[in-house]
Amino acid sequence: MTYLVAGLRLLAYALTFALLAGPHWLALKLGRGRFAGHAPVWLHQVFLRLFQVRLTVTGTPPAPGEAALVIANHISWLDIPVLGAVRPLSFVAKSEIAGWPVIGTLARLQRTVFIDRARKRHTAVVNTEMSRRLRAGELIVLFAEGTTGDGTRLLPFRTSLVGAARAAITEGGLDRVRLQPLCIAYTRRNGLPLTRAERPDIAWYGDMELGPSVKLFFERGPIDVAVTWGEPIAFSAGTDRKVATALAEATVRRALQEAVTGRPPAPEPGPIPQPAHEVPPILIPAATA
């Protein structure tokens, strides 16, 4: 993609944002949930179409209006428009993003829940807000690794914010909350499968600057991304938070491995069966004269 083409597409995206931002902001203020929920979806879909990000969605998502805490992996800034284009939802993000130019505005219009990681007590505040939204039947995406990865391996999932599911039960009077594993995998570029060495070119992690990452995205051509909804996990008052998080992590790990390798992971070997009793050897008599 040349800089001229990229510039024209950015201009088209900016015009779309300008058309939607005002009515969307007004809908948020007036509590008009349907338009407020779908306006970001339309904007993200325009972004994917303009910049040739081909999205494939598989699995069984929550039904429309069904609340769920979505437990997802995190690879790139591109995850936001990819997931945002699937259906109305909001994200949990670090508080620093709220102050970023342009991105912070987009995050607030997406009704992102910001968490201050430097304040341990702020997790409880965030859990209360998330539980309120779950009671209202909303979909909230939690990037459970706590940071971005390189797109090849999965980092351990953190359990702290899954406490929002318990808060929704204890404070909100819900019987159970749906924990929904979700896997994001970038699989192809220019129609060819991505190699392990190429995946970090799409990922945005570690000390990478955002500007160079966006520049690479514009230069390298169309991208295919697969979003896979895993089997939901029912979270009730007696559910162990750590066990539920580990189960979601295992589900996402399997889906990521299948997406990046093109084949399902090999089943874990089971125990070798042992005979119920020792069978005596068969004695063959020696030949007689």
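Residues numbered from 1 in each chain as written. Predicted model: local features only at pLDDT ≥ 70, side-chain atom pairs only at ≥ 80, totals over all residues. Heavy atoms only, no water.

Draft legend 1. Region of interest: the overall build of the protein. Counting its regular elements, the protein contains 9 helices and 9 strands. Residue burial in the protein is summarised as follows: out of 289 residues, 43% are buried. Here the analysis covers contacts within the protein between residues at least 6 apart in sequence; of these, 74% occur between residues at least 24 apart. A total of about 16200 Å² of accessible surface is found on the protein, and carbon and sulfur atoms cover 60% of it. (Helix = DSSP H or I, 4+ residues; strand = E, 2+ residues; numbered from the N terminus. Buried < 20%, exposed > 50% of the residue type's maximum accessible area, 1.4 Å probe, protein only. Contact = heavy atoms within 4.5 Å. Areas by Shrake-Rupley, 256 points an atom, 1.4 Å probe, with all protein chains shown as cover.)

Draft legend 2. Local environment of the nonpolar core. Counting 35 residues, the largest nonpolar core has L78, Y186 and F217 as the members making the most contacts within it. Put simply, the parts of the chain that give this core at least two residues each are α1 (3–30), α2 (33–50), β2 (68–72), α3 (79–84), β5 (139–143), β6 (176–189), α8 (210–220) and β8 (223–229). At 4 residues, the largest contribution of residues to this core is made by β8. Those residues in contact with Y186, other than ones at most four positions away along the chain, are I75, S76, L78, D79, V82, L194, R199, I202, I223, D224 and V225. Membership of the second largest hydrophobic core comes to 31 residues, among which are L134, F157, I233 and L256. (Core = buried A, V, L, I, M, F, W, Y, C linked by side-chain atoms within 4.5 Å.)

Draft legend 3. Representation of the pattern of salt bridges in the model. Counted according to the given criterion, the structure contains 9 salt bridges. Here E66 ties to R178 by a salt bridge, and the two come within 3.3 Å at their closest N and O atoms. With a gap of 112 residues between them, E66 in the loop between β1 (53–59) and β2 and R178 in strand β6 connect regions that are remote in the sequence. Using a relative accessible area of 31% as the deciding quantity, one classes E66 as partly exposed. In this structure, the salt-bridge partner of R153 is D150, at a minimum N-O distance of 3.8 Å. (Salt bridge = Lys/Arg side-chain N within 4 Å of Asp/Glu carboxyl O.)

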